[in-house]
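Below are the chains, spelled out letter by letter.
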Amino acid sequence: MRSLAAALVFLSAGCATTVQRLPGEHPLPSGGAQNACESEHWLSLAPTRYELASETHTTRHDDGLGVYRVGEADPESLPALRDELGPSPLLDDHAQRVAPHDRDRIIAAGLGIGGLAALAVGTVLFAGSFETTTVTNANGAPEEDHSVNGSKLAAGSILIGVGFGLGIAGTIVAPDAKERAQADADRYVFRPPGDDPKAVDALVTKHDDAVRARCAK
């Protein structure tokens, strides 16, 4: 069930187009990776632009920090880093803020998939309800007899209606552009005033120090 939910989130999410790495890196006490071993698991902080949308306009902010792998331009998902960085109120807070958006996205994707399935089956039943058989008339000659299978016609019509209903419900539930931009910012960016810069530095530095210690053995 968790795998299905994760797949639905991935399929319906796409790339975060409202989050972008900016030039340079945010300095940390651990510096940068010093060898191939460290580079494999090293994390860095870099200035990151994000967008927030209101009902009338979108504003860009350049005061965020994203977490990046060595050589990567796309930021890591902060909730997904909890297994790697360990327990952290910072990451838990971001995960909690993103959770409602992901829930709605999963529901919308499920409704959309269910709607498509209902439409497909309904269309097949509807088309199959019009039956043609070959019979022999009074003169002994073959002729076509057209009939309607009422059960198939009714079932197909119902499923087509259900499919449209599920599709409309999925559209209603799906997050809009404003909600997606907010979720992308919550998912990928540490930003003021909610995220303490010192706590962010300490979180990534602790991880990189552990990576350096393992590689030094």
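Please refer to the structure placed before this passage.
Residues numbered from 1 in each chain as written. Predicted model: local features only at pLDDT ≥ 70, side-chain atom pairs only at ≥ 80, totals over all residues. Heavy atoms only, no water.

The next subject is the overall build of the chain. Assigned secondary structure in the chain consists of 7 helices and 5 strands. Taken over C-alpha atoms, the radius of gyration comes to 27 Å for the chain, far larger than the 17 Å a tight globule of 217 residues would show. Taken over the C-alpha atoms alone, the chain extends approximately 100 × 45 × 30 Å along its principal axes. Sorting the 217 residues of the chain into buried and exposed places 30% on the buried side. Contacts in the chain between residues far apart in sequence, at least 24 positions, make up 65% of those at least 6 positions apart. In the chain, the 19 positive side-chain charges and the 29 negative ones have mean positions that sit 6 Å from each other. (Helix = DSSP H or I, 4+ residues; strand = E, 2+ residues; numbered from the N terminus. Rg over C-alpha atoms; globule rule 2.2 N^0.38 Å. Buried < 20%, exposed > 50% of the residue type's maximum accessible area, 1.4 Å probe, protein only. Contact = heavy atoms within 4.5 Å. Lys, Arg positive; Asp, Glu negative; His and termini not counted. Charge placed at Lys NZ, Arg CZ, Asp CG, Glu CD.)

When a strand is regular, its side chains alternate between the sheet's two faces. Note: strand E2 (residues 43-53) against strand E3 (residues 58-69), 10 bridges, orientation antiparallel. Looking at the pairing, glutamate 51 lines up with arginine 60 of E3. Taking the residues that link successive antiparallel strands as the turn, the E2-E3 hairpin has 4 residues. (Pairing = 2+ DSSP bridges.)

Right, let's talk about the state of the cysteines for a bit. Inspection of the entire model under this criterion finds 1 disulfide. Here cysteine 37 connects covalently by a disulfide to cysteine 215, the sulfurs 2.1 Å from one another. Between cysteine 37 and cysteine 215, the S-S torsion sits near -85 degrees, and that sign places the bridge as left-handed. Taken as a pair, cysteine 37 in helix H2 (residues 36-41) and cysteine 215 in helix H7 (residues 197-216) lie far apart in primary sequence, 178 residues in all. Assessed through its relative accessible area of 38%, cysteine 37 is described here as partly exposed. (Disulfide = S-S within 2.5 Å.)

Let us now look at the packing of aromatic side chains. Following the criterion strictly, the structure yields 1 aromatic pair and no others. A centroid spacing of 5.7 Å and a plane angle of 70 degrees characterise the contact between phenylalanine 126 and phenylalanine 130, whose relative ring orientation is edge-to-face. The class for phenylalanine 126 is partly exposed, based on a relative accessible area of 33%. Owing to a relative accessible area of 47%, phenylalanine 130 belongs among the partly exposed residues under this scheme. Directly above the aromatic system of tyrosine 50 lies the positively charged group of arginine 191, at a separation of 5.6 Å from the ring centroid. (Phe/Tyr/Trp six-rings, centres within 6.5 Å; stacked < 30°, edge-to-face > 60°. Lys NZ or Arg CZ within 6 Å of the ring centre and 35° of its normal.)

Next up on the list: the sheet that holds E3. Spatially, 3 strands are ordered E1-E2-E3 in an open sheet, and the strand pairing comes out antiparallel. The sheet is open, and its two borders are formed by strand E1 (19-21) and E3, each paired with just one other strand. For this sheet, the mean angle separating the axes of adjacent strands, direction not counted, is 30 degrees. Relative to E2, helix H6 (residues 177-188) is tilted by about 165 degrees, and along the sheet it contacts E1, E2 and E3. Helix-sheet contacts for H7 involve E2 and E3, and the interaxial angle to E2 is about 145 degrees. (Axes fitted to C-alpha atoms, helices over the stretch in contact; angles between N-to-C directions.)

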